[in-house]
Amino acid sequence: MARVVRFHRHGGPEVLGIETVNVLPPAKGEVQIRIRALGLNRAEALLRSGSYIETAQFPSGLGLEAAGLVETVGEGVAGFAPGDAVSIVPPTSMVRWPAYAELATFPAELVVKHPPDLSFETAAALWMQYLTAYGALVDIAGLLRGDVVAITAASSSVGLAAIQIANRIGAVPVALTRTSTKRRALLDAGAAYVVASDEEDIAARLAEIAGSNGVRVVFDAVGGPAFEPLTGAMAPGGILIEYGGLSPEPTPFPLFNVLTKSLVLRGYLVHEIVRDPTRLGQAKAFILDGVADDTLKPIIARTFKFEDIVEAHRFLESNTQFGKIVVTI
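Residues numbered from 1 in each chain as written. Predicted model: local features only at pLDDT ≥ 70, side-chain atom pairs only at ≥ 80, totals over all residues. Heavy atoms only, no water.

A.B. asks: Is there a simple way to think about the overall build of the protein chain in this case?
C.D. replies: The number of helices and strands found in the protein chain is eleven helices and 15 strands. Overall size of the protein chain, expressed as C-alpha extent along the three principal axes, is 60 × 40 × 35 Å. Across the 329 residues of the protein chain, 55% fall into the buried class. When contacts within the protein chain are restricted to residue pairs at least 6 apart in sequence, those whose partners lie at least 24 apart make up 70%. As presented, the protein chain carries roughly 13600 Å² of accessible surface, and 53% of it is formed by carbon and sulfur atoms. Charge separation in the protein chain, taken as the distance between the mean sites of 28 positive and 34 negative side-chain charges, equals 1 Å. (Helix = DSSP H or I, 4+ residues; strand = E, 2+ residues; numbered from the N terminus. Buried < 20%, exposed > 50% of the residue type's maximum accessible area, 1.4 Å probe, protein only. Contact = heavy atoms within 4.5 Å. Areas by Shrake-Rupley, 256 points an atom, 1.4 Å probe, with all protein chains shown as cover. Lys, Arg positive; Asp, Glu negative; His and termini not counted. Charge placed at Lys NZ, Arg CZ, Asp CG, Glu CD.)

Following this line, the structure appears as structure tokens:
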């Protein structure tokens, strides 16, 4: 028996509850983990509210990131033993493999032995943000030293990961945030420049920063009206990678900018990387190397107890956090 977080209907954080259930042993090719920490993601709030790309099956679990100790391994699993400290690459289905639990099971290929000096809290905050940013900036855009990259929603965990990855490569990360409130924190987090989109002319400010070369890569989680000024500041042949849709306003297609500059506008989900063993292996190596050389360091906004999962989700939806929310068990 183990405690798990489940919900029986869509709604706000209050629909989440902690239940004690019987947990089946791992199937062939799976690893069962005694969870010590969880990383919270906006995708989980979307599943809970009924607006995610995956459909909940009630009663539904949720959760995409966890770290803990191997409890037991299923048939055919090699390389893991009870007691190993591990963390989880986000599965393609959190309904099938939910992480919010004291005891959870995952496919062995998504389980990673993390460095022994990495805390469970940090390990649980690792994979979603860095895999998402790596897949867009390195795997797809081929970010190079000296490239100017504009990063929207920069104070999110993924935005902060993108800043760190850009710096590790030697690119120039430009953080976009709504107001100047978080300017100092973003500069301290490694942003070369900060643009407050509600207070400044985005296109003019990016043009001033990037100069005649323009912004080669845009990493966007927002969409909406900002598409016009963002693409207006891009370099010929540049690429805009869209991985979210935070704006409640329609997103215009910037036809003139796309045509005159031969721009690439590309949608992206981290599942692309997770489903491809070769690309996932390259991503793991890049991220673990970055953790080892201290260039990739998760920023944890706040830590909650497992019993306070409802309050943790309220904070997740407040949009005031700077970095990752972690829950400890």
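A.B. asks: Sorry if this is basic, but what is going on with the packing of helix 4 (residues 157-169) against helix 10 (residues 277-292) here?
C.D. replies: Packed helices, taken two at a time, are described by their axes: the angle between them and the distance between them. The geometry of helix 4 relative to helix 10 is characterised by a closest axis approach of 12 Å and an angle of 85° between their N-to-C directions. By the angle between their axes, helix 4 is roughly perpendicular relative to helix 10. For the pair helix 4 and helix 10, the contacting residues are I165, R168 and I169 in the first and F286, D289 and G290 in the second. (Axes fitted to C-alpha atoms, helices over the stretch in contact; angles between N-to-C directions. Parallel < 35°, antiparallel > 145°, perpendicular 65-115°, else oblique.)

A.B. asks: Sorry if this is basic, but what is going on with the packing of aromatic side chains here?
C.D. replies: Working definition: an aromatic ring pair is given by the centre-to-centre distance plus the angle between the planes. Per the counting criterion, the structure on display carries four aromatic pairs. With centroids separated by 5.1 Å and ring planes inclined at 50°, the aromatic side chains of Y134 and F286 adopt a geometry described as tilted. Taken as a pair, Y134 in helix 3 (residues 127-140) and F286 in helix 10 lie far apart in primary sequence, 152 residues in all. A single burial state applies to Y134 and to F286, both of which are buried. Taking 5.9 Å as the distance between ring centres and 50° as the angle between the ring planes, the aromatic pair formed by F304 and F315 counts as tilted. (Phe/Tyr/Trp six-rings, centres within 6.5 Å; stacked < 30°, edge-to-face > 60°.)

Geometric values such as these leave the question of function open.
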